[in-house]
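Each chain, letter by letter, is given below.
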Amino acid sequence: MKIATKYIHAGAEPDPSTGAIMTPIFQTSTYVQQAPGVNKGYEYARSQNPTRKALEEAYAQIENGKFGLAFSSGVAATDSVMKLLQPGNEVICGNDMYGGTYRLFTKIYEKFGIKFHYINMQSVTNIEALINNNTKLIWAETPTNPLMNIVDIAAVASIAKKHNVILCVDNTFASPYLQNPLNLGADIVMHSATKYLGGHSDVIQGCLIMNDAALREQLYFIQKSCGAVPGPQDCFLVLRGIKTLHVRMQRHCENGEKIAHWLRNNNNVAKVYWPGFEDIAGYAVAKKQMRGFGGMISFELKNDSVEEAKRVLSSTHLFSLAESLGGVESLINHPASMTHASIPKEERIKNGLSDSLIRLSVGIEDVDDLITDLQRAIG
Ligand SMILES: *Cc1c(COP(=O)(O)O)cnc(C)c1O
């Protein structure tokens, strides 16, 4: 089945009791049983809910996986993967990943005796050199946030397999429309469904998708034991979002490409980060593993100061100053003071996140209007 058909029909069966074409929002906490243990497969809504089940089926299908699990946020999905680990285990992850993931690792899981290696994941040799008997997980984000570096998923997956280490890929930035990590050998795909999957900036949710039944059992056990499940209303919103993912992503990609090139030609811009430039280090891998380059763009100003960045941020009208990404409306963000504020300044600069770095989530508005807006703010 082609992507466009799959996204419309994934997980969507007419409701058996009424024929409703849209999956109903089963707003219930519990289910009546015929006798103790005799039921229709539903007992208590932390463990099972039909709206969530339809969405979990859709998650599996859009990532070409066997199983999907929905969580109350992207961070809750990541947290559930971390609960596969034990004290003394080691994790290899990127040094420019999503700030909330970094915070979860450093502030919560280091405390529980898990050791993290924050490295440049563009080098597969770097990764392999760190693997020892305690290494249990490789956490990869690609394109990375906010520098749009590209990690070679297939190459990392083959190392992970060789050493029997789980590879989990945070696929939030690419979305399943642009990239399918399970097809490239990853064990788990994680999404913040809050972003492109929901697509309308109206829901917080996360998910995990995998092929291995034993891994699914472990993660389902964590999902119901720890309880970070999304409500049925939120599941409905993401189910609806997925139906238009392909159409939205096409426009995000078109607008992203035009704006990335426009920024590169702007005299007040020092550097633009976008995976679709043919002359950047990650281009060959991006071209190989992605179907397009998306609408996430970062750039640095020639006047590299927090003040100048703040001036630009407060001068746009269509690009709203806000955290998050992946919605239909364009957003502008300042990693140093917003999404990545929890990373110490010294570390932030060392990892290439300069003071004036600005991140755009290019929406699906008319691209000429978006460029006019940026022109007014940047000059
Ligand atoms: C937003 C985001 C997360 C966290 O997801 P929430 O839904 O906000 O909890 C994780 N990874 C990336 C790349 C993100 O953009």
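Rules of the game
Residues numbered from 1 in each chain as written. Predicted model: local features only at pLDDT ≥ 70, side-chain atom pairs only at ≥ 80, totals over all residues. Heavy atoms only, no water. Pairing = 2+ DSSP bridges. Helix = DSSP H or I, 4+ residues; strand = E, 2+ residues; numbered from the N terminus. Axes fitted to C-alpha atoms, helices over the stretch in contact; angles between N-to-C directions. Parallel < 35°, antiparallel > 145°, perpendicular 65-115°, else oblique. Left-handed = near helix turned anticlockwise from the far one by under 90°. Contact = heavy atoms within 4.5 Å. Core = buried A, V, L, I, M, F, W, Y, C linked by side-chain atoms within 4.5 Å. Buried < 20%, exposed > 50% of the residue type's maximum accessible area, 1.4 Å probe, protein only. Polar contact = N/O pair within 3.5 Å; in protein donor to acceptor, adjacent residues only side chain to side chain. Near = heavy atom within 4 Å. Areas by Shrake-Rupley, 256 points an atom, 1.4 Å probe, with all protein chains shown as cover. Domains from an automatic or database assignment. Buried area = accessible area lost by both parts, 1.4 Å probe. Salt bridge = Lys/Arg side-chain N within 4 Å of Asp/Glu carboxyl O. Nonpolar A, V, L, I, M, F, W, Y, C, P; charged D, E, K, R; others polar.

## Quick look at the sheet that holds strand β9 (residues 296-301)
With mixed pairing, the 5 strands of this open sheet are ordered in space as β8-β9-β12-β11-β10. The sheet is open, and its two borders are formed by β8 (269-273) and β10 (320-321), each paired with just one other strand. Across 2 bridges, β10 lies against strand β11 (residues 331-333) in parallel orientation. Note on β11: the bridge partner recorded for L321 is I332.

## Re the packing of helix α10 (residues 245-264) against helix α14 (residues 367-378)
Put simply, α10 and α14 touch, their axes get as near as 10 Å, and they point 30° apart. With respect to each other, α10 and α14 are oriented roughly parallel. Between α10 and α14 lies a crossing whose hand is right-handed. Where α10 abuts α14, its residues N255, K258, I259, W262 and L263 lie against V367, L370, I371, L374, Q375 and I378.

## Describing the nonpolar core
Core analysis: the biggest nonpolar cluster contains 66 residues, and Y59, I259, L263, F299, I358, L360 and I378 have the highest contact counts within it. Sort the elements by how many residues they give to this core and α10 lands first, with 7 residues. With residues up to four places along the chain from it excluded, the contact list for I358 reads I297, S298, F299, L301, A309, V312, L313, I332, N333 and P335. Counting residues in hydrophobic clusters, the runner-up holds 29 residues, among them M82, F105, L137 and I222.

## Thoughts on the side chain of Q205
Inspection of the secondary structure assignment puts Q205 in the loop between β6 (188-192) and β7 (206-210). Q205 gets classed as buried once you look at its relative accessible area, which sits at 0%. Of the polar contacts made by the side chain of Q205, one reaches the side chain of Y59; its length is 2.8 Å.

## Observations regarding the site of the ligand
Taken together, 14 residues lie near the ligand, and V75, D170, S192, T194 and K195 sit nearest. For the ligand, an oxygen atom lies 2.8 Å from a polar atom in the side chain of S192. Here K195 contributes a side-chain N or O atom positioned 2.8 Å from an oxygen atom of the ligand. When the ligand sits alone it has 370 Å² of accessible area, and the protein chains cover 94% of it. Elements with a contribution of two residues or more to the shell around the ligand: α3 (74-82) and β6.

## A look at the domain arrangement of the protein
Many structure descriptions define interface size as the accessible area lost when the parts assemble. Parsing the protein into structural domains produces domain 1 (3-242) and domain 2 (245-378). Here the C-alpha centroids of domain 1 and domain 2 sit 25 Å apart. Between domain 1 and domain 2, a total of about 3300 Å² is buried, with carbon and sulfur atoms accounting for 62% of that surface. Applying the counting rule to domain 1 against domain 2 returns 1 salt bridge. As a salt-bridge pair, D152 and K288 come within 3.1 Å of each other at their nearest N and O atoms. Scanning the region where domain 1 abuts domain 2 turns up 19 residue pairs in polar contact (both at pLDDT 80 or more). Within the residue set of the side of domain 1 that touches domain 2, elements represented by two or more residues are α1 (3-9), α4 (99-109), α6 (153-162), α7 (175-178) and α9 (232-242). A per-class count over the side of domain 1 that touches domain 2 returns 24 nonpolar, 13 polar and 3 charged.

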